[in-house]
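# Working through the structure, step by step
Here is what each chain is made of, one letter per residue.
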Amino acid sequence: MAGRIPEREVYSRVSTQRLYTPKDRMGSDYLEELGFPGEYPFTRGLNPTEYRSRLWYMTQGMGFGTPEETNRLYKLMFSKGSNRFTTKIDLPCQVGYDPDNPMAEGDVGVIGTSIPSLKEMQIALDGIPLEKAAVSGLIGNTSIISWSMVLAVAKKQGVPLTS
């Protein structure tokens, strides 16, 4: 993988090596405590080259009101060059309440978008080419459900779900 993407030059006053090995940590169990980049226990990052092969990015947290309002914001941000969306899901959806549940009253769409079903996720992501975008920030008890909805929309768009 390292050969596919050239690394950038790292500017620092501190000299660094490309990779530190067990020889650099004598007296410790290197594999148990640190491991290698891109390998379990992932203390050195999920990817072997991390940000040495790509630039850092900033993600805009978005989502408020209705899925339609959120979609308009996504489209605006995408037209301005953003392709990373941290989707904010409202509190009732995060804890698994349906928006018409009396316990959700006053909180629907306040700190995020109300996306209780696949239909609303399709509306929020309508016209966003997910093969060119990264969606994150699906938090709370129902995050696996929200992520599944994003994958379902991507699949409907014809985006391959393999890496």
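See the structure shown above.
Notes on the structure in this doc start here. (Residues numbered from 1 in each chain as written. Predicted model: local features only at pLDDT ≥ 70, side-chain atom pairs only at ≥ 80, totals over all residues. Heavy atoms only, no water.)

Before going further, it helps to examine the packing of helix 4 (residues 118-125) against helix 5 (residues 143-157). Relative orientation of the contacting elements helix 4 and helix 5 amounts to 60°, with a least axis distance of 9 Å. Between helix 4 and helix 5, the interaxial angle falls into the category oblique. Relative to helix 5, helix 4 is oriented so that their crossing is right-handed. Seen from helix 4, the contacting residues are Leu118, Met121, Gln122 and Leu125; seen from helix 5, they are Ser146, Met149, Val150, Ala152, Val153, Lys156 and Gln157. (Axes fitted to C-alpha atoms, helices over the stretch in contact; angles between N-to-C directions. Helix = DSSP H or I, 4+ residues; strand = E, 2+ residues; numbered from the N terminus. Parallel < 35°, antiparallel > 145°, perpendicular 65-115°, else oblique. Left-handed = near helix turned anticlockwise from the far one by under 90°. Contact = heavy atoms within 4.5 Å.)

Let's shift gears to the environment of Leu76. Positionally, Leu76 belongs in helix 2 (residues 67-79). In this structure the C-alpha to C-alpha distance between Leu76 and Gly61, which are 15 residues apart in sequence, comes to 13 Å.

A few words now on helix 2. Owing to its 3.6 residues per turn, the α-helix aligns residues three or four sequence positions apart on the same side. With 13 residues, helix 2 extends 18 Å between its outermost C-alpha atoms, agreeing within 8% with the 18 Å of an ideal straight helix rising 1.5 Å per residue. Of the residues making up helix 2, those classed as buried are Pro67, Thr70, Asn71 and Tyr74. All buried residues of helix 2 fall inside an arc of 105° around its axis, so they share one side. Among the exposed residues of helix 2, those oriented more than 90 degrees off its buried face are Arg72 and Ser79. Where helix 2 ends, the next residue or the one after it, Gly81, has phi of about 105°, a positive value. (Expected span 1.5 Å × (residues − 1). Buried < 20%, exposed > 50% of the residue type's maximum accessible area, 1.4 Å probe, protein only. Arc of directions from axis to C-beta.)

Attention now goes to a nonpolar patch on the surface. Together, Leu91, Val95, Tyr97, Met103, Val110 and Ile111 make up an exposed nonpolar region whose accessible area comes to about 560 Å². Structurally, Leu91 can be placed in helix 3 (residues 91-94). Exposure remark for Leu91: the relative accessible area of 37% places this residue in the partly exposed category. (Patch = residues over 30% accessible without salt bridge, like charges linked within 9 Å, V, L, I, M, F, W, Y side chains within 5 Å. Areas by Shrake-Rupley, 256 points an atom, 1.4 Å probe, with all protein chains shown as cover. Salt bridge = Lys/Arg side-chain N within 4 Å of Asp/Glu carboxyl O.)

All right, on to the side chain of Thr87 then. Positionally, Thr87 belongs in strand 2 (residues 84-87). With a relative accessible area of 2%, Thr87 lands in the buried category. Sequence-distant contacts of Thr87, that is, excluding residues within four places in its chain, are made with Met62, Tyr74, Val135, Ser136, Gly137 and Leu138.

Our next topic: the side chain of Thr70. Tracing the backbone through its elements, the reader meets Thr70 in helix 2. Overall, the relative accessible area of 0% leaves Thr70 in the buried class. Not counting the four nearest positions on each side in its chain, Thr70 is found in contact with Gly63, Phe64 and Thr113.

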